[in-house]
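# An overview of the molecular structure
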Amino acid sequence: MSDLMNDPVNGPAHDILLFDMFGVIARHQSEDGKARLTALADVPESRFWEAYWGLRQPYDRGDIAGFDYWRGVADALGTDFGPHRIARLIEADIASWSSVDDTMVALVEELAAAGRPIALLSNIPEELAVHYEGRHPWLKHFQVRGFSCRIGHAKPEPGAYRWCLDALGAEPERVLFVDDREDNIRAAGASGIRGHLFTTPARLREALRLSA
């Protein structure tokens, strides 16, 4: 990745842009998708989401695969989903996270065309990573793709940021991290990486001094 440091950039010369995916380029879990998941699980909604998120970090980090994750969710709920229902839950979970923000995809492609160094750091399980790789060619624009399920670290763990810096071959002050969660921005800051709290594509453009 040493060549990355010499690429031309459109904007501040010291910035390598490190993007979060969900909530920035891809959209958060859809309401319809969430409703489908709770219907498939057939348990009270509040209990379902407590179990879903309570076990999500090991799943995102790649410590466990999809079937083991959903068996753990079932155990936490005091039920048994069975192999067929788990397969349907995995499919529904992927679908619930599958929508992207076309405006942000266009910005990624614009930055790549301008030669701006861009990288990705996403908390994502393997099944969802495979789904995105098979359907979204814009992922090829990221010179580094830090998928949590493959790097063994999930935000806001310090190792996630260290992995990206090592893969980029960059000093932390040369990296600008774009994420929609304040806890992830703070964790990046603890590693010396500057942060931009994402709210809208327009405000990100303004921060990057890009015209629409």
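Now for a look at the structure at hand. Worth saying up front: this structure is predicted, and the values here are computed from it rather than measured.

## Observations concerning the overall build of the chain
Looking only at helices and strands, the chain features 11 helices and 5 strands. Its C-alpha radius of gyration of 18 Å places the chain within 12% of the 17 Å reference for a compact globule of 212 residues. Expressed as a percentage of the 212 residues in the chain, the buried residues total 50%. Sequence separation of at least 24 residues holds for 68% of the intrachain contacts in the chain that already meet a minimum separation of 6.

## Things to note about the side chain of Asn 184
You can see Asn 184 is positioned in helix α10 (residues 182-190). A residue is classified by how much of its surface remains accessible, and Asn 184, at 4% relative accessible area, is buried.

## Examining the packing of helix α1 (residues 31-41) against helix α2 (residues 45-54)
Across the interface, α1 lies against α2 with an axial gap of 10 Å and an inter-helix angle of 100°. One finds that α1 runs roughly perpendicular with respect to α2. Across the interface between the two elements, Lys 34, Leu 37, Thr 38 and Ala 41 of α1 pack against Glu 45, Phe 48, Trp 49 and Tyr 52 of α2. A per-class count over the contact of α1 with α2 returns 5 nonpolar, 1 polar and 2 charged.

## Re the pairing of strand β5 (residues 194-197)
The pairing of strand β4 (residues 175-179) with β5 spans 4 bridges and is parallel. Bridging across to β5, Leu 176 finds its partner in Arg 194.

## Observations concerning the nonpolar core
Soluble globular proteins tend to pack their nonpolar side chains together in the buried interior. Ranked by internal contacts, the top residues of the largest apolar core, which has 51 residues, are Phe 19, Met 21, Ile 25 and Trp 70. Beyond its immediate sequence surroundings of up to four residues, Phe 19 is in contact with Val 24, Ile 25, Met 104, Leu 111, Ile 118, Ala 119, Leu 120, Leu 121, Phe 142, Phe 177, Val 178 and Leu 204. The next biggest cluster of nonpolar side chains, apart from the first, holds 18 residues, and it includes Ile 16, Ala 187, Ala 188 and Ile 193.

## Points about the pairing of β4
Along β4, 5 of the 5 residues are buried, which leaves the element largely enclosed by surrounding structure. By the bridge criterion, 4 bridges tie strand β1 (residues 16-19) to β4 in an arrangement that is parallel. The partner of Leu 17 across the bridge, within β4, is Leu 176. Handedness of the crossover is the feature at issue here: the chain leaves β4, passes through α10, returns alongside β5, and the resulting connection is right-handed.

## Quick word on empty space enclosed by the protein
Counted according to the given criterion, the structure contains 1 cavity of 30 Å³ or more. Size it by volume and the largest cavity reaches roughly 30 Å³. As for the largest cavity, its lining consists of Arg 56, Tyr 59, Asp 93, Ile 94, Trp 97, Pro 125 and Leu 128. Only α3 (56-61) and α5 (82-96) provide two or more residues apiece to the lining of the largest cavity. Grouping the constituent residues of the lining of the largest cavity by class yields 5 nonpolar, no polar and 2 charged.

## Regarding the environment of Leu 208
Along the chain, Leu 208 falls in helix α11 (residues 201-208). The sequence separation of Leu 208 and Ile 90 amounts to 118 residues, and the corresponding C-alpha distance is 37 Å.

## Structural notes on the packing of aromatic side chains
One pass over the full model with this rule turns up 16 aromatic pairs. Centroid distance Phe 19 to Phe 142: 6.2 Å. Interplanar angle 75°. Geometry classified as edge-to-face. With a gap of 123 residues between them, Phe 19 in strand β1 and Phe 142 in the loop between α7 (126-135) and β3 (144-147) connect regions that are remote in the sequence. Take Phe 19: its relative accessible area is 0%, and that puts it in the buried class. Phe 142 gets classed as buried once you look at its relative accessible area, which sits at 2%. On the numbers, 4.8 Å between centres and 70° between planes, the contact of Trp 49 with Tyr 52 is edge-to-face. With Trp 49 and Tyr 52 both in helix α2 and 3 residues apart, this pair spans about one turn of that helix. The pair Trp 49 / Tyr 52 is uniform in exposure class, with both members buried. Within the aromatic cluster, the residues linked to one another by ring pairs are Phe 22, Phe 48, Trp 49, Tyr 52, Trp 53, Tyr 59, Tyr 69, Trp 70, Phe 81, Trp 97 and Tyr 132. If you follow Lys 34 out to its NZ or CZ, it ends over the ring of Trp 49, 5.8 Å from the centre.

Reading the values: the criteria
- Residues numbered from 1 in each chain as written.
- Predicted model: local features only at pLDDT ≥ 70, side-chain atom pairs only at ≥ 80, totals over all residues.
- Heavy atoms only, no water.
- Helix = DSSP H or I, 4+ residues; strand = E, 2+ residues; numbered from the N terminus.
- Rg over C-alpha atoms; globule rule 2.2 N^0.38 Å.
- Buried < 20%, exposed > 50% of the residue type's maximum accessible area, 1.4 Å probe, protein only.
- Contact = heavy atoms within 4.5 Å.
- Axes fitted to C-alpha atoms, helices over the stretch in contact; angles between N-to-C directions.
- Parallel < 35°, antiparallel > 145°, perpendicular 65-115°, else oblique.
- Nonpolar A, V, L, I, M, F, W, Y, C, P; charged D, E, K, R; others polar.
- Pairing = 2+ DSSP bridges.
- Core = buried A, V, L, I, M, F, W, Y, C linked by side-chain atoms within 4.5 Å.
- Right-handed = clockwise from strand over helix to strand, strands pointing away.
- 1 Å grid on protein atoms, 1.4 Å probe; cavity = no way out; pocket = protein on both sides within 12 Å on 5 of 7 lines; lining within 4 Å.
- Points joined across faces, edges and corners; volume = space filled by probe spheres on them.
- Phe/Tyr/Trp six-rings, centres within 6.5 Å; stacked < 30°, edge-to-face > 60°.
- Lys NZ or Arg CZ within 6 Å of the ring centre and 35° of its normal.

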